[in-house]
Amino acid sequence: MSRVALDNGATMILNKESCGVEHAHGKGYMHGAPYTIGGAAVKSKGGDIAFKTVDDGCIAKAKHRIVFEGSGHDLTIAQSVNDLLKAVYDTLEVHRTLTSVRRVLHRDMNIFNLLMYPQWRSCNDKQSVKHCSPLIDDVLHGELRKLENRKACCVVIDLDNSEKPGHAHLIKQLELQHRAGTPPYISRAIANGIFCHSHASMLWTKRMPHLAGEAKDLYLKVLGEDKYNQYNDPPTSNIFHGGVPPQEYDEDDMENKAKSLELNHRCEYDAESVFWTMYSALLRVTPVGFEETPTTARRFNKDWAVLCEHSISSQRQPADSRDEILAYARSHFIAAFPEIMAPVGRLIRDIAAHVAPSYAMMEQLPPHDDHLHEAMQRLILQYLVDNLTADIPLVPGKLRVPFGKEEPAPISSTAGGTAGESRRAQERGSGQGQEEVQKQWAQAQHAASRPDAKGARGLKRSRDPATDDLASLRRSKRLTSQRK
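Residues numbered from 1 in each chain as written. Predicted model: local features only at pLDDT ≥ 70, side-chain atom pairs only at ≥ 80, totals over all residues. Heavy atoms only, no water.

1. Details of the overall build of the chain
And step 1. Along its length, the chain carries 16 helices and 15 strands.
And step 2. For the chain, buried positions account for 57% of its 484 residues.
And step 3. In the chain, of all internal contacts separated by at least 6 residues, the share reaching a separation of at least 24 is 81%.
And step 4. Of the roughly 21000 Å² of accessible surface on the chain, a fraction of 49% belongs to carbon and sulfur atoms. (Helix = DSSP H or I, 4+ residues; strand = E, 2+ residues; numbered from the N terminus. Buried < 20%, exposed > 50% of the residue type's maximum accessible area, 1.4 Å probe, protein only. Contact = heavy atoms within 4.5 Å. Areas by Shrake-Rupley, 256 points an atom, 1.4 Å probe, with all protein chains shown as cover.)

Following this line, the structure appears as structure tokens:
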């Protein structure tokens with residue numbers, strides 16, 4: 001890190017883009033995070049390329065190209081639902097360790113940065129970081145593996161927007177006030193530039209989930225009863241995730257409170273981004289033997305459109321277009337999935353109930369920064385144990401196809417505090433009849449099934465895991481917005 005004096009008298013802090021990765025492994029090999037082989041600054045005629053991130057130029061990062069050890073694959077390459085959920089569970093665990101042990105907050109968790117089926121070069125020559133938490137395979141097998149044998153089911157890449165926070169709910173650093181993220185997956189508060197305070201986000205209905213049966217036994221055996229009790233809420237109190245919500249909702253009072261609070265990127269906001277990533281991946285994957293019809297696609301189309309058309313607001317606003325998804329009834333979530341994936345719809349609804357509330361607006365904040373991680377992981381663990389022998393096989397890379405609309409252009413993650421508009425789907429004429437829509441849908445399905453459809457966005461993604469590592473690892477093209 002270096003400090004550069006600007007013409008206006010301010011000081012710019014210049015960070016290498018690779019700082020987050022280097023810091024993550026600073027005290028040992030960090031499972032589930034990429035390990036750098038090397039890298040170099042990307043230079044122009046004027047020297048290093050720096051990303052300007054705030055109005056007065058106080059913070060910037062130097063653009064670097066980095067070579068990583070190992071690779072991973074898109075979540076849409078999952079061979080089964082359980083495989084995908086195991087990758088999500090470990091993603092949350094890796095993020096918890098990055099934040100709590102290595103003090104690295106990612107700030108841009110999205111479908112392009114959370115990979116599964118990692119392939120690592122041998123790391124026997126590297127000492128693993130101490131206090132590395134048990135991963136999903138440890139819990140499911142009821143036995144804690146040695147650190148050198150512990151392998152995550154995921155790899156979390158692109159730490160170029162990461163920062164090193166103090167306690168996530170107390171931080172005052174400019175880096176964490178600066179907004180960064182990718183439109184469909186960014187947390188609602190960061191997207192809207194203000195802590196959520198709509199009525200929908202001020203409803204607390206679910207306390208910390210309690211595990212049952214074998215799932216609880218495995219948790220207690222591997223993670224311990226102390227940790228289990230540490231996150232539990234008293235059953236008859238007005239405490240949710242360890243925090244105390246407002247006694248009553250007054251729109252004006254909540255708006256004034258939200259405006260008075262200094263927005264920062266809380267740890268739970270990355271967990272929310274993991275939720276949106278998980279939901280979008282599960283929506284698109286195709287179970288073996290499933291044939292889409294206009295009826296099954298109708299609800300899927302609606303939810304997919306909400307995600308694709310979401311944008312980062314240039315003005316502060318209390319609500320988010322994705323609030324309606326979080327408020328869905330369980331039957332709505334189930335209807336968005338193929339019939340065989342009904343249990344997945346129930347899981348998503350249960351997790352959504354914990355993602356929806358605006359914990360930053362509580363009268364007393366949750367004592368644990370990773371409270372939402374814990375809730376999501378408990379629900380995923382319960383699902384995996386209950387469905388261990390009833391896994392749902394998927395067709396790797398074959399995605400459900402929206403019909404009646406064009407697929408949106410690739411979405412770029414943004415940094416710079418400006419509105420990161422997603423490129424919206426081109427709307428078809430409203431006068432088209434149902435017969436025409438069904439015809440378009442059938443044509444899209446036919447195109448998706450062609451052998452030469454490889455690589456088509458929105459159609460069947462046919463990738464060879466053995467040869468497409470690089471494309472899967474760095475598939476997202478990044479654009480960085482600059483404030484003038």
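2. A word on the side chain of Thr286
And step 1. Mapped onto the fold, Thr286 is located in strand β13 (residues 285-287).
And step 2. Classification of Thr286 as buried rests on a relative accessible area of 4%.
And step 3. A polar side-chain atom of Thr286 sits 3.0 Å from the main-chain carbonyl oxygen of Lys398.
And step 4. Each residue touching Thr286, except ones within four places of it in the same chain, is listed here: Leu394, Val395, Lys398, Leu399 and Arg400. (Polar contact = N/O pair within 3.5 Å; in protein donor to acceptor, adjacent residues only side chain to side chain.)

3. Quick look at the environment of Ser80
And step 1. Within the element layout of this structure, Ser80 appears in the loop between β9 (71-73) and α2 (81-100).
And step 2. Residue contacts for Ser80: discarding those within four places in its chain leaves Tyr117, Asp391, Ile392, Pro393 and Leu394.
And step 3. Only 3.2 Å separates the side chain of Ser80 from the backbone nitrogen of Asp83, close enough to count as a polar contact.

4. Focus on the environment of Glu339
And step 1. Note that Glu339 resides in the loop between α12 (330-335) and α13 (342-355).
And step 2. Overall, Glu339 belongs to the exposed group, its relative accessible area being 76%.
And step 3. Glu339 sits 52 residues away from Pro287 along the chain, and the two C-alpha atoms are 9.8 Å apart.

5. Thoughts on the packing of aromatic side chains
And step 1. The final tally for this structure, using the stated rule, is 7 aromatic pairs.
And step 2. Geometrically, the ring pair formed by Phe275 and Trp276 is edge-to-face, given 5.1 Å between the ring centres and 65 degrees between the ring planes.
And step 3. Classification of Phe275 by relative accessible area gives buried; the value is 0%.
And step 4. With a relative accessible area of 0%, Trp276 lands in the buried category.
And step 5. For the ring pair Tyr279 and Phe337, a centre distance of 6.2 Å and an interplane angle of 65 degrees mean the geometry is edge-to-face. (Phe/Tyr/Trp six-rings, centres within 6.5 Å; stacked < 30°, edge-to-face > 60°.)

6. Digging into the confidence of the model for the chain
And step 1. The predicted model of the chain averages 76 in pLDDT, with 69% of residues at 70 or higher.
And step 2. Under a pLDDT of 50 for its full length, residues 53-59 has, in the predicted model, 23 contacts with residues more than four places off or in other chains.
And step 3. Of the regions scoring below 50 in pLDDT, residues 405-438 engages in 84 contacts with residues more than four places distant in sequence or in other chains. (pLDDT = per-residue confidence, 0-100.)

7. Description of the pattern of salt bridges
And step 1. Counted according to the given criterion, the structure contains 13 salt bridges.
And step 2. Between Asp137 and Lys86 there is a salt bridge, with the nearest N and O atoms lying 3.1 Å from each other. Of this pair, Asp137 sits in helix α3 (residues 136-141) while Lys86 sits in helix α2; the two residues are 51 residues apart in sequence, bridging distant segments of the chain. Note on accessibility: Asp137 and Lys86 belong to one class, buried.
And step 3. For Glu292, the salt bridge is made with Arg400, and the minimal N-O distance between the two is 2.8 Å. (Salt bridge = Lys/Arg side-chain N within 4 Å of Asp/Glu carboxyl O.)

8. What about the nonpolar core?
And step 1. One finds Phe275, Leu282 and Leu381 to be the most contacted residues of the largest nonpolar core, which totals 73 residues.
And step 2. Ala191, Ile194, Ala258 and Leu263 belong to the second-largest nonpolar core, a separate cluster that totals 19 residues. (Core = buried A, V, L, I, M, F, W, Y, C linked by side-chain atoms within 4.5 Å.)

9. Details of unusual backbone geometry
And step 1. One non-glycine residue, Arg107, lies in positive phi territory at about 75 degrees.
And step 2. Along the chain, Arg107 turns up in the loop between α2 and β10 (114-119).
And step 3. Overall, Arg107 belongs to the buried group, its relative accessible area being 3%.
And step 4. With phi around 55 degrees, His241 is a residue other than glycine that occupies positive phi space.
And step 5. By the element assignment, His241 lies in the loop between α7 (225-231) and α8 (251-260).

10. Quick look at α13
And step 1. Given a rise of 1.5 Å per residue, 14 residues ought to cover 20 Å, and the 20 Å separating the end C-alpha atoms of α13 matches this to within 8%.
And step 2. Across the 14 residues of α13, 10 count as buried, placing the element largely inside the fold.
And step 3. Regarding α13, the residues found buried are Ala342, Val344, Gly345, Leu347, Ile348, Ile351, Ala352, Ala353, His354 and Val355.
And step 4. Next to the buried residues of α13 lie α2, α5 (188-192), α9 (267-284), α11 (323-326), α12 and α14 (371-386). (Expected span 1.5 Å × (residues − 1).)

11. Thoughts on the packing of α13 against α14
Two numbers describe a pair of packed helices, the interaxial angle and the distance between the axes.
And step 1. Contact geometry of α13 with α14 gives a least axis separation of 10 Å together with a crossing angle of 165 degrees. Classified by the angle their axes make, α13 and α14 are roughly antiparallel. Note that α13 runs across α14; the crossing there is right-handed. Across from Pro343, Val344, Leu347, Asp350, Ile351, His354 and Val355 in α13, the residues of α14 making contact are Leu372, Ala375, Met376, Leu379, Ile380 and Tyr383.
And step 2. Looking at the contact of α13 with α14, its residues break down into 11 nonpolar, 1 polar and 1 charged. (Axes fitted to C-alpha atoms, helices over the stretch in contact; angles between N-to-C directions. Parallel < 35°, antiparallel > 145°, perpendicular 65-115°, else oblique. Left-handed = near helix turned anticlockwise from the far one by under 90°. Nonpolar A, V, L, I, M, F, W, Y, C, P; charged D, E, K, R; others polar.)

12. Details of the pairing of β10
And step 1. As paired elements, β9 and β10 share 2 bridges and run antiparallel to each other. Following the sheet pairing, Ser71 is matched in β10 by Gln119.
And step 2. Looking at chain direction, β10 and strand β11 (residues 154-156) are connected through 3 bridges and run antiparallel. Directly across from Leu115, in β11, lies its bridge partner Val155. (Pairing = 2+ DSSP bridges.)

13. Remarks on the sheet that holds β10
In a beta sheet, neighbouring strands are held together by backbone hydrogen bonds and run either parallel or antiparallel to one another.
And step 1. Spatial strand order, β9-β10-β11: 3 strands in an open sheet with antiparallel pairing. Of all strands in the sheet, those with a lone pairing partner are β9 and β11, marking the two edges. In this sheet, neighbouring strand axes are inclined to one another by 55 degrees on average, regardless of whether the strands run parallel or antiparallel.
And step 2. Across the sheet, α2 lies against β10 and β11, angled at about 45 degrees from β11, the strand it touches most.

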